Amino acid sequence: MSAQYDSPAVAIARGHVEAWSNHDFDQARSMLAPDVRVRVTTTAPYPPDTDLTGADNYMEGLVAYAQPVVPGSVKVLASTGDDRNALLLLSLAMAGGPFGEGTTAPCARLYLIDDDGKIKAEQVVFYLAQG
């Protein structure tokens, strides 16, 4: 199947971003496979690169990252995918926390969706830009 901006995997990925960016962490968790793996890297000195497996570990890291996100600030700049893979390019604003108020955090998020429609893997690359 060719890549599409409105593919099944893109819809799942967008739904997940919508949930965590609006601090609906129960919904975000419900979209994860139990053995989900997330890898995160940045050029910023904080946070350190992350490689976690399991929904509990994933959510601990996600909540720490997403709690300072200004709800409603996430913009999907681009998206593409197919039935199982999705790539989103996002921009979002931070209200404070360890990243600082007014910081933007552009990121690319690559998802693998399993046969049950759950997020099986996610890779995140981002940097922090002072507003």
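Since the model is a prediction, treat every value here as computed from it, not as a measurement.

A. Focus on the overall build of the protein. Check the secondary structure of the protein and you find three helices and six strands. Order of helices (α) and strands (β) in the protein, N terminus to C terminus: α-α-β-β-α-β-β-β-β. In terms of overall dimensions, the protein is globule-like: its C-alpha atoms have a radius of gyration of 14 Å, near the 14 Å expected for 131 residues. For the protein, the residues scored as buried account for 40% of the 131 residues in total. Relative to all contacts within the protein whose residues are 6 or more apart in sequence, the contacts with residues 24 or more apart total 57%. Accessible area of the protein: about 6,700 Å², with a carbon and sulfur share of 54%.

B. Structural context of the nonpolar core. Core analysis: the largest hydrophobic core is formed by 33 residues, its most contacted members being Trp 20, Leu 92 and Tyr 111. Of all the elements in the fold, those that place two or more residues in this core are α1 (8-21), α2 (25-30), β1 (32-42), α3 (55-66), β4 (85-91), β5 (107-113) and β6 (119-126). The greatest single-element share of this core, amounting to seven residues, is contributed by α1. If we skip the residues at most four places from it in the chain, Tyr 111 touches Ala 13, His 16, Val 17, Arg 84, Asn 85, Ala 86, Leu 88, Ile 119, Ala 121 and Glu 122.

C. Seen up close, the pattern of salt bridges. Going through the model one piece at a time under the given rule, you end up with five salt bridges. The closest approach of N and O atoms between Arg 84 and Asp 115, which form a salt bridge, is 3.1 Å. You can see Arg 84 sitting in the loop between β3 (75-81) and β4 and its partner Asp 115 sitting in the loop between β5 and β6, a full 31 residues away along the chain. We classify Asp 115 as exposed; its relative accessible area is 69%. The shortest N-O distance in the salt bridge between Arg 109 and Glu 122 comes to 2.8 Å. Of this pair, Arg 109 sits in strand β5 while Glu 122 sits in strand β6, and the two are 13 residues apart along the sequence. Both residues of the pair, Arg 109 and Glu 122, belong to the buried class.

D. The arrangement of α1 in detail. Helix length check: α1, at 14 residues, gives a terminal C-alpha distance of 20 Å against a target of 20 Å (1.5 Å per residue), a fit within 8%. Among all positions in α1, only Ala 9, Val 10, Ile 12, Ala 13, His 16, Val 17, Ala 19, Trp 20 and Ser 21 are buried. At the exit of α1 stands His 23, carrying a positive phi of roughly 65°.

About the criteria used
Residues numbered from 1 in each chain as written. Predicted model: local features only at pLDDT ≥ 70, side-chain atom pairs only at ≥ 80, totals over all residues. Heavy atoms only, no water. Helix = DSSP H or I, 4+ residues; strand = E, 2+ residues; numbered from the N terminus. Rg over C-alpha atoms; globule rule 2.2 N^0.38 Å. Buried < 20%, exposed > 50% of the residue type's maximum accessible area, 1.4 Å probe, protein only. Contact = heavy atoms within 4.5 Å. Areas by Shrake-Rupley, 256 points an atom, 1.4 Å probe, with all protein chains shown as cover. Core = buried A, V, L, I, M, F, W, Y, C linked by side-chain atoms within 4.5 Å. Salt bridge = Lys/Arg side-chain N within 4 Å of Asp/Glu carboxyl O. Expected span 1.5 Å × (residues − 1).

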